[in-house]
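Chain by chain, the residues run as shown.
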Amino acid sequence: HGWQDLLRRFNEGGGELFDLEYLVDETDRRVAAFGYWAGFAGCAVSLKIWAGQQLGNNPVISTLVPYSDKDALIEDIRAEVTAAIDAAKCSPRLIVIGALGRVGQGAVQLAQELGLSVTQWDMKETLPGGPFAEIPEHDIFINCVLVQKKIPPFVTTDSLAHEDRNLSVICDVSCDPGEYNPIPLYSEATTFSAPIHKVIEGDNPLYLSAIDHLPSLLPVEASEDFGQQLLPHLLSLSGERSDVWQRALTLFNQKSTFL
């Protein structure tokens, strides 16, 4: 929202905008992204929510606070999940959609490091179009898909309206509550201070988390990783710009024609 006003300011001021989210290589793949750590953190948050449910916490999950490093996060999540498994007498089953991308790989990595069962889906599995009956069969659903056009939803209120539903946690790492949202159960993002929406009430509740700044949960790893990816391109910004910067500038100029 408001992109026209923002681009207009650059045009009127004689400036140029290089959007870091659109720095891409010749295959249209981003050259610097926080994706892996977003997925890693998203999986952690979803497990904290599930653990809070099993342990009868009220609230189910409290304010999120960034961790000093990855090891501290893993230690914390492992302790909570172990206690929750003891209470529930079972381990959570996870499904990650977009598992082959950077975001999905981060989510899968944490789950596997904790010894949890993960169903990994990507474009092949979602090609027929949702809603997918397999999602409610899992305890936790983590969405890691980049959506740039309207697609059939992965889940809907109707597809989740079953008494035998196992699903109790959705973590939408992609966090796109706009018109392309494949999880049309919410209209605004959650935050570290208010991490969840309760989208289904009753005896079998369903909680949804959709935080658009998840890498901030691991600021050290996320910053160092992103910096290492971006630095070589920053060094080519002055003087004769590389193709990466030229593509970003071309995109800015193209979008500016719609003002």
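See the structure above.
Described in the following lines is the structure provided in the data block. The structure displayed is predicted, hence computed values, not measured ones. (Residues numbered from 1 in each chain as written. Predicted model: local features only at pLDDT ≥ 70, side-chain atom pairs only at ≥ 80, totals over all residues. Heavy atoms only, no water.)

### Observations regarding the pairing of strand β1 (residues 93–97)
Two faces make up the sheet, and in a regular strand the side chains alternate between them. Among the 5 residues of β1, 4 are classified as buried, and the element is accordingly described as predominantly covered. Here 5 bridges tie β1 to strand β2 (residues 117–121), and the two strands are oriented parallel to one another. Bridge pairing in β2 places Leu 94 opposite Val 118. With respect to chirality, the unit in which β1 leads through helix α4 (residues 102–113) into the neighbouring parallel β2 is right-handed. In this structure, β1 lies alongside strand β3 (residues 140–143), joined through 4 bridges in parallel fashion. Directly across from Ile 97, in β3, lies its bridge partner Asn 143. (Buried < 20%, exposed > 50% of the residue type's maximum accessible area, 1.4 Å probe, protein only. Helix = DSSP H or I, 4+ residues; strand = E, 2+ residues; numbered from the N terminus. Pairing = 2+ DSSP bridges. Right-handed = clockwise from strand over helix to strand, strands pointing away.)

### A word on the nonpolar core
Formed by 43 residues in total, the largest nonpolar core has its most connected members in Leu 47, Leu 73 and Ile 142. When contributions to this core are tallied by element, the ones reaching two or more residues are α2 (35–54), α3 (70–88), β1, α4, β3 and β4 (169–172). It is α2 that provides the largest number of residues to this core, a total of 11 residues. Judged by nonpolar contacts, the second largest core, of 21 residues, contains Trp 121, Ile 135, Leu 160 and Ile 183. (Core = buried A, V, L, I, M, F, W, Y, C linked by side-chain atoms within 4.5 Å.)

### Considerations on the sheet that holds strand β5 (residues 197–200)
With respect to topology, 6 strands assemble into an open sheet ordered β2-β1-β3-β4-β6-β5, the strand pairing being mixed. Each of the sheet's edge strands pairs with one partner strand only, and the pair in question is β2 and β5. Across the sheet, the axes of successive neighbouring strands diverge by a mean angle of 20°, strand direction being ignored. As paired strands, β3 and β4 are joined by 4 bridges and run parallel to one another. (Axes fitted to C-alpha atoms, helices over the stretch in contact; angles between N-to-C directions.)

### Quick look at the pairing of strand β6 (residues 206–209)
Here β6 shows two buried faces, one formed by Leu 206 and Leu 208 and the other by Tyr 207 and Ser 209. In this sheet, β6 lies alongside β4 in parallel orientation, the contact comprising 3 bridges. When the sheet's bridge partners are listed, Cys 171 is paired in β6 with Ser 209. Note: β5 against β6, 3 bridges, orientation antiparallel. Note that in β6 the partner of Lys 198 across the bridge is Tyr 207. Here β5 folds back onto β6 in antiparallel fashion, the turn holding 5 residues, of which Gly 202 has a positive phi close to 95°.

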